[in-house]
2 protein chains.
Amino acid sequence: MTTPPPSPPPLLRLEDFVPYRLSVTANLVSDVIASAYEARFGLKVAEWRLVAVLAEDGPQTQQSIGQRTRMDKVTVSRAAIALCDRALLERRDNPQDKRSHLLVLTEAGIRLYEEVAPVALSLEKELLSGIGPAEMDALMAMLKRLEQAALTVGTGLMADADGDGN
Amino acid sequence: MTTPPPSPPPLLRLEDFVPYRLSVTANLVSDVIASAYEARFGLKVAEWRLVAVLAEDGPQTQQSIGQRTRMDKVTVSRAAIALCDRALLERRDNPQDKRSHLLVLTEAGIRLYEEVAPVALSLEKELLSGIGPAEMDALMAMLKRLEQAALTVGTGLMADADGDGN
DNA sequence: GCCAGGTAGTTACATTTGTTACCAATAAGC
DNA sequence: GCTTATTGGTAACAAATGTAACTACCTGGC
């Protein structure tokens, strides 16, 4: 009609924009994994993470799990409650600090872990089919570096998150 | 007192488990980006994506945007409504199909894009500091491959309610 | 000891997000 | 030119997620 679509010069290719690509891929992967856990073991991702961390590093407080996995303390709390309800973990009193509980896997929890872990690894393998071990190491290293960078940038912007219209 | 010693053999190192690492990193990065967009331009991620896709590929329907960005059609719809309210885009009737609208950026939308894009690129650069261009290409390639693999695996074990098409 | 300030964890609430159901328009069958 | 099945899009509902406030406890100064 009057003004034909102006077609501005694309300043940015979304397909090749790292945060976008990262987010899309991660969500897709996460979705696949999540539904596999959910369908096969009735576990949500957060719950599986609790189990994995506890199996790996032994009993610890919710806070320490939260730090390790960068999950919110509320998320951890809910996951812990859910697992406790299913008797997969126990919350013992922490002699050092009576505010906190020490989370410990029960026998059933350990068994569940031993059942889930191989499935998780096999899913991972399937996802990584066609990617060599060297490449994979490089991928992991980059992800870790990205994580660090994001933390730095994040805390940088945190100072004046909002308040100024700008 | 002393109870079953909870030292199961760690079958899996969460730190090195790709889906976990990917998810943690992506969420962190996404968070940083999202709060930057939100604080500086009042844009949510989905909204920014609409703007970017429209600027890049020109006017198109919501459905095509959904396919391209793997966002749910509801997400796209909400983002479109929000942007329309702010007069950043217009919904023209689609002569081909009167059910759908053609989304077109307005002048203001284009200007916003031209303002946001450089910021996005600079944020990306900051995140990628310390990662060489070759490595980055490798990262992108691997992410794309992971995405493909996830799609395959996903459709394999999911009931797949999503009409992804092509 | 006691009070201020801070932390672990939970609860209650608000916001976001996904699901389902629905309407309008198209396309296919008769 | 109707009736039925599908599709684009939205709205209404339900579930997940984050935020703020709260309890219980710890720590330090006095």
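The structure reproduced in this document is the subject of the present report.

Quick notes on the rules
Residues numbered from 1 in each chain as written. Chains lettered and ligands numbered in written order. Predicted model: local features only at pLDDT ≥ 70, side-chain atom pairs only at ≥ 80, totals over all residues. Heavy atoms only, no water. Core = buried A, V, L, I, M, F, W, Y, C linked by side-chain atoms within 4.5 Å. Buried < 20%, exposed > 50% of the residue type's maximum accessible area, 1.4 Å probe, protein only. Contact = heavy atoms within 4.5 Å. Helix = DSSP H or I, 4+ residues; strand = E, 2+ residues; numbered from the N terminus. Expected span 1.5 Å × (residues − 1). 1 Å grid on protein atoms, 1.4 Å probe; cavity = no way out; pocket = protein on both sides within 12 Å on 5 of 7 lines; lining within 4 Å. Points joined across faces, edges and corners; volume = space filled by probe spheres on them. Nonpolar A, V, L, I, M, F, W, Y, C, P; charged D, E, K, R; others polar. Salt bridge = Lys/Arg side-chain N within 4 Å of Asp/Glu carboxyl O. Phe/Tyr/Trp six-rings, centres within 6.5 Å; stacked < 30°, edge-to-face > 60°. Axes fitted to C-alpha atoms, helices over the stretch in contact; angles between N-to-C directions. Parallel < 35°, antiparallel > 145°, perpendicular 65-115°, else oblique. Left-handed = near helix turned anticlockwise from the far one by under 90°.

**As for the nonpolar core**
Counting 108 residues, the largest nonpolar core has Trp48(A), Leu50(A), Trp48(B) and Leu50(B) as its most contacted members. Those residues in contact with Trp48(B), other than ones at most four positions away along the chain, are Leu12(A), Tyr37(B), Leu43(B), Tyr113(B), Val116(B), Ala117(B) and Ala120(B).

**Brief notes about helix 1 (residues 18–41) of chain B**
For helix 1 of chain B, built from 24 residues, the straight-helix expectation of 34 Å at 1.5 Å per residue is met to within 8% by its first-to-last C-alpha distance of 33 Å. Phi turns positive, to about 65°, at Gly42(B), one or two residues after helix 1 of chain B.

**Describing empty space enclosed by the protein**
Empty space among the atoms can be located by rolling a probe the size of a water molecule over them. Applying the stated rule across the entire model yields 3 cavities of 30 Å³ or more. Quantified by volume, the largest cavity comes out at close to 110 Å³. Elements represented by at least two residues in the lining of the largest cavity include exactly helix 1 (18–41) of chain A together with helix 1 and helix 2 (45–57) of chain B. Take the lining of the largest cavity: its biggest share by element is 4 residues, from helix 1 of chain B. Of the residues belonging to the lining of the largest cavity, the class tally is 9 nonpolar, 2 polar and 1 charged. Taken as a whole, the second largest cavity spans an internal volume of roughly 90 Å³. Contributing to the lining of the second largest cavity are Ser30(A), Ile33(A), Tyr37(A), Val45(A), Trp48(A), Arg49(A), Leu14(B), Phe17(B), Pro19(B), Tyr20(B) and Ser23(B). Mapped onto the lining of the second largest cavity, the elements with two or more residues apiece are helix 1 and helix 2 (45–57) of chain A together with helix 1 of chain B. Its residues assigned to classes, the lining of the second largest cavity shows 8 nonpolar, 2 polar and 1 charged.

**Examining the pattern of salt bridges**
All chains considered together, the criterion is met by 24 salt bridges over all chains. Residue Lys144(B) is joined to Asp16(A) by a salt bridge in which the shortest nitrogen-to-oxygen separation is 3.4 Å. Of this pair, Lys144(B) sits in helix 6 (residues 133–157) while Asp16(A) sits in the segment before helix 1, which puts the two residues in different chains. A salt bridge links Glu147(B) to Arg70(B), with the shortest nitrogen-to-oxygen separation between them at 3.1 Å. Here Glu147(B) is found in helix 6, whereas its partner Arg70(B) is found in the loop between helix 3 (62–69) and helix 4 (73–85), with 77 residues between them in sequence.

**Things to note about the packing of aromatic side chains**
For the coordinates displayed, the defined rule picks out 4 aromatic pairs over all chains. Measuring from ring centre to ring centre gives 6.1 Å for Trp48(A) and Tyr113(A), while their planes differ by 15°; the resulting arrangement is stacked. Highlighted residues: Trp48(A) in helix 2 and Tyr113(A) in helix 5 (residues 107–127), separated in sequence by 65 residues. Plain terms: the ring middles of Tyr37(B) and Trp48(B) are 5.4 Å apart, the flat faces sit at 55° to each other, and that makes the pair tilted. Here Tyr37(B) is found in helix 1, whereas its partner Trp48(B) is found in helix 2, with 11 residues between them in sequence. In this pair, the class of Tyr37(B) matches that of Trp48(B), namely buried. An aromatic cluster of at least three residues, connected via ring pairs, comprises Tyr37(A), Trp48(A) and Tyr113(A).

**Some details on unusual backbone geometry**
Although it is not a glycine, Ala87(A) adopts a positive phi angle of roughly 60°. For Ala87(A), the position within the fold is in the loop between helix 4 (73–85) and strand 1 (89–93). When its relative accessible area of 44% is taken as the criterion, Ala87(A) is described as partly exposed. Positive phi, close to 55°, is recorded for Arg70(B), a residue that is not glycine. The partly exposed category is assigned to Arg70(B), whose relative accessible area is 35%.

**Focus: the packing of helix 1 of chain A against helix 1 of chain B**
Helix 1 of chain B packs onto helix 1 of chain A with a crossing angle of 135° between their chain directions and a minimal axis gap of 9 Å. As far as their axial angle goes, helix 1 of chain B and helix 1 of chain A are oblique. For the element pair helix 1 of chain A and helix 1 of chain B, the recorded crossing hand is left-handed. The residues of helix 1 of chain B that touch helix 1 of chain A, namely those facing Pro19(A), Leu22(A), Ser23(A), Thr25(A), Ala26(A), Val29(A), Ser30(A) and Ile33(A), are Pro19(B), Leu22(B), Ser23(B), Thr25(B), Ala26(B), Val29(B), Ser30(B) and Ile33(B). By residue class, the composition of the contact of helix 1 of chain A with helix 1 of chain B is 10 nonpolar, 6 polar and no charged.

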